[in-house]
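So you can see what is in the structure, the chains are spelled out below.
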Amino acid sequence: VIVVLRDVTARKAAEDALRESQQFNEQIIHSAREGIVVYDNDLRFVEWNPFMEELRGLGREHVVGKHPFEVFPELRATEFLEVMQRVLNGDNYHTHDFPQMRTDGKQVWMTIRYQPLRSREGNVTGVLGVVERQTGNVDHHRPARQLRALLLLRLRLRLHRRLHHSPLCSRTTN
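A short tour of the structure in this document, coming up. Everything numeric here is computed off the predicted structure, so don't read it as measured data.

Calculation criteria
- Chains are numbered independently. Their residues run from 1 in the order of the written sequence.
- A pLDDT threshold of at least 70 governs which residues receive local features in this predicted model, and a stricter bar of 80 or more applies before side-chain atom pairs are shown or counted, although totals over entire chains, interfaces and linings include all residues.
- Only hydrogens and water are set aside; all other atoms, that is, all heavy atoms of the structure, feed into the side-chain values.
- Numbering goes from the N terminus for both helices and strands, where a helix is a DSSP run of H or I of at least four residues and a strand is a run of E of at least two.
- Here the expected length of a helix is defined as 1.5 Å per residue gap, with one fewer gap than residues.
- Each residue's exposure class comes from its accessible area (1.4 Å probe, protein chains only) as a fraction of the maximum for that residue type: buried when under 20%, exposed when over 50%, partly exposed otherwise.
- DSSP bridges decide pairing: two strands pair if at least two such bridges lie between them.
- Any two of the Phe, Tyr and Trp rings considered here, Trp counted by its six-membered ring, make a pair once their centres fall within 6.5 Å; the pair's planes then place it as stacked at under 30 degrees, edge-to-face at over 60, or tilted in between.
- Think of a 1 Å grid over the protein atoms and nothing else: a 1.4 Å probe that fits but is trapped marks a cavity, an open set flanked by protein within 12 Å on at least five of seven lines marks a pocket, and residues with an atom within 4 Å of a point count as lining.
- Grid points are joined across faces, edges and corners, and a volume is the space filled by probe spheres set on the points.
- It is the directions from the helix axis to the C-beta atoms that the arc portrays.
- Whether two residues are in contact is decided by their heavy atoms, any of which lying within 4.5 Å being enough.
- One side-chain nitrogen of Lys or Arg within 4 Å of one carboxyl oxygen of Asp or Glu is enough to make a salt bridge.

1. Quick look at helix α1 (residues 9-31)
- Between its first and last C-alpha atoms α1 spans 32 Å; for 23 residues at 1.5 Å apiece the expected length is 33 Å, and the two agree.
- Listing the buried residues of α1 in full gives S21, N25, I28 and I29.

See the structure below:
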């Protein structure tokens, strides 16, 4: 009879840390009161948070894995591909307030900021979009939006550091 014992304490601790990190990242994305959209290098949706579901009236299950033209054919008549190519080449892009139609026919105004999503090594692995719903009193809310944007930027930097200093990083580059 041969008995082999292996200490798996370190592996178990690493798995627990990874699971906690994944849960923390999901909490951030799902708790944000701004839309978070992530595209891969082929411009397929890989993230569509609950705020986006509420804003556009379209569930995550109808978006993730698809190209934006499959979900929003009206984008074909816009500069969307050119903008995304610029972002994939490393540029940031910020839209001005513009109207969009929800699936239920209601109109919403929004602003979108696109930036490259980068790996720890600095390679562009996709596009991160942050979407804000605009209200009728844009000037009145500007200081609050600027503060929210600053806080969101800090949160995104923290999330970016966590994502790119964890074993999940390799998953975002595929």
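2. Considering the pairing of strand β5 (residues 107-118)
- Where strand β3 (residues 93-94) and β5 come together, two bridges link them in antiparallel fashion. Note on β5: the bridge partner recorded for Y93 is Y114.
- Direction of pairing for strand β4 (residues 98-101) relative to β5: antiparallel, over a ladder of four bridges. By the bridge assignment, M101 is partnered in β5 with Q107.
- Where β4 folds back on β5, the antiparallel hairpin that results is connected by five residues, among which G105 adopts a positive phi of roughly 90°.

3. Examining the packing of aromatic side chains
- Scanning the entire structure with this criterion turns up six aromatic pairs.
- Arranged with centres 5.4 Å apart and planes meeting at 80°, the rings of F45 and W48 form a pair that is edge-to-face.
- These aromatic residues form a ring-pair network of at least three members: Y39, F45, W48, F69, F72, F80 and Y114.

4. Things to note about the layout of surface pockets
- If you add up the space inside the second largest pocket, you get close to 440 Å³.
- Together, 24 residues line the second largest pocket, and L75, F80, F98, I112 and Y114 are the ones closest to its centre.
- Elements represented by at least two residues in the lining of the second largest pocket include exactly β1 (35-40), β2 (45-48), α2 (50-56), α4 (80-88), β3, β4, β5 and β6 (124-134).

5. Some thoughts on the pairing of β2
- Both β1 and β2 contribute to a ladder of three bridges, which runs antiparallel. Its bridge partner lying in β2, Y39 is registered against F45.
- Here β1 folds back onto β2 in antiparallel fashion, the turn holding four residues, of which L43 has a positive phi close to 65°.

6. Focus: α4
- For α4, every residue scored as buried is listed here: F80, V83, M84, V87 and L88. Looking down the long axis of α4, one finds its buried residues gathered within 135° of arc, a one-sided arrangement.
- Buried residues belonging to α4 abut β1, α3 (68-71), β3, β5 and β6.
- Looking at the residues trailing α4, positive phi occurs at G90, about 110°.

7. Here we look at unusual backbone geometry
- Phi is positive for L43, which is not a glycine, with a value near 65°.
- By secondary structure assignment, the location of L43 is in the loop between β1 and β2.
- For L43, a relative accessible area of 7% gives the class buried.

8. Points about the pattern of salt bridges
- In this structure the tally under the stated criterion is 10 salt bridges.
- Residues R56 and E74 are paired through a salt bridge, measuring 3.9 Å at the closest nitrogen-oxygen approach. Taken together, the residues R56 in helix α2 and E74 in the loop between α3 and α4 connect sequence positions 18 residues apart.
- Look at R56 and you get buried, because its relative accessible area is 7%.
- D104 is the salt-bridge partner of R102, the closest N and O atoms lying 2.9 Å from each other.
- Look at R102 and you get buried, because its relative accessible area is 19%.
- For D104, a relative accessible area of 42% corresponds to the partly exposed category.
- Put simply, K12, D16 and R19 are held in one network by salt bridges that share partners.

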